[in-house]
Amino acid sequence: MGLRSRVETLSGRGMVPGLTVVFVGDDPASEIYVRNKEKDARGLGFDSRTLRLPSETTQEELLRVVEGLNRDERVHGILVQSPLPRHIDFEKIVEAIDPNKDVDGFHPLNMGRLARGRKTMAACTPRGVMEMIRSTGVDVRGLHAVVVGRSTIVGRPMSLLLLAADATVTVCHRWTDDLARFTRQADILVAAVGQPGLITADMVKQGAIVIDVGINRVGERVVGDVEFEQVRGVA
């Protein structure tokens, strides 16, 4: 059953899935993400709402907003858009979200469940990457996957999902010596560090699956971490 059908079934029973996005400030990239999330959620039949708060919102005020959403029975999913203004501790906000409403999968309880191989809400970008890999028809089991990046938003959950799929996983990061030595071994290469053009053709194994998660603004252009035109001829 597709997602739209599942939403229609729930709505027919009187439960309309409710998603609330909390957007603090006016980051242009975040504005695009939030607008697209709201559009997609409404298109699927969700009760989708966006709470827009000014940049001056204090950490205490944001925590009160999150607590209110935790108590609201109409809200089944809470998503606090990052990055937050510098004066707000993102980790404290994440930890305040009800783990059962944590659709981003960032709460320590959900991350812990993921690390233990239990069913849980996992971070959406890594889950999307897994779907992209599956769409190739390649069996991940036993393949060598190299994840470049170790953030709690992408890199770490990505490595855990690949491990759960029985891949052999190597995690690289900014301090990895001779990065190319590892990337050239990868049957599956996921780049998620936010460094334009980091991965070049000579760093990629012939026929590898390469997924570029990086989003970088260079002048008026938005580019990834992979030199796409170079690497597409190899991957």
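Source: prediction; values computed, not measured.

(A) Main features of helix 3 (residues 59–71). Spanning 13 residues, helix 3 covers 19 Å between terminal C-alpha atoms, matching the ideal 18 Å at 1.5 Å per step. Among the residues making up helix 3, those that are buried are Gln59, Leu62, Val66, Leu69 and Asn70. Take helix 3 and look down its axis: the buried residues cluster within an arc of 105°, on one side only. With respect to the buried face of helix 3, the exposed residues turned more than 90 degrees away are Arg64 and Arg71. Tucked into the core, helix 3 has its buried residues touching strand 1 (18–24), strand 2 (47–53), strand 3 (77–80) and helix 4 (90–96).

(B) Up close: the pairing of strand 6 (residues 188–191). Here strand 6 shows two buried faces, one formed by Ile188 and Val190 and the other by Leu189 and Ala191. Of the pairings in the sheet, the one linking strand 4 (residues 144–148) to strand 6 comprises 4 bridges and is parallel in character. Counterpart to Ala145 in the pairing with strand 6 is Ile188. Here strand 6 runs beside strand 7 (residues 209–212); their pairing, made up of 4 bridges, is parallel. Of the residues in strand 7, the one forming a bridge with Ala191 is Asp212.

(C) Structural view of the sheet that holds strand 6. Strand order in the open sheet made by the 4 strands is 5-4-6-7, with parallel pairing throughout. Edge positions in the open sheet fall to strand 5 (168–172) and strand 7, since each of these has one partner strand only. For this sheet the average axis-to-axis angle between neighbouring strands, irrespective of direction, equals 15°. The sheet contacts of helix 6 (residues 124–135) involve strand 6 and strand 7, and relative to strand 7 the element is tilted by about 150°. Along the sheet, helix 7 (residues 155–164) contacts strand 4, strand 5 and strand 6; its crossing angle with strand 4, the most-contacted strand, is approximately 170°.

(D) Layout of the sheet that holds strand 2. An order of 2-1-3 is seen for the 3 strands of this open sheet, with the pairing classed as parallel. Of all strands in the sheet, those with a lone pairing partner are strand 2 and strand 3, marking the two edges. Averaged over all pairs of adjacent strands, the angle between their axes in this sheet comes to 15°, without regard to strand direction. Judged from the 7 bridges that link them, strand 1 and strand 2 form a sheet pairing that is parallel. Directly across from Thr20, in strand 2, lies its bridge partner Arg49. Lying over the sheet, helix 2 (residues 28–43) contacts strand 1, strand 2 and strand 3, oriented at roughly 160° with respect to strand 2. Seen against the sheet, helix 3 touches strand 1, strand 2 and strand 3 and runs at an angle of roughly 180° to strand 1.

Conventions adopted
- Residues numbered from 1 in each chain as written.
- Predicted model: local features only at pLDDT ≥ 70, side-chain atom pairs only at ≥ 80, totals over all residues.
- Heavy atoms only, no water.
- Helix = DSSP H or I, 4+ residues; strand = E, 2+ residues; numbered from the N terminus.
- Expected span 1.5 Å × (residues − 1).
- Buried < 20%, exposed > 50% of the residue type's maximum accessible area, 1.4 Å probe, protein only.
- Arc of directions from axis to C-beta.
- Contact = heavy atoms within 4.5 Å.
- Pairing = 2+ DSSP bridges.
- Axes fitted to C-alpha atoms, helices over the stretch in contact; angles between N-to-C directions.

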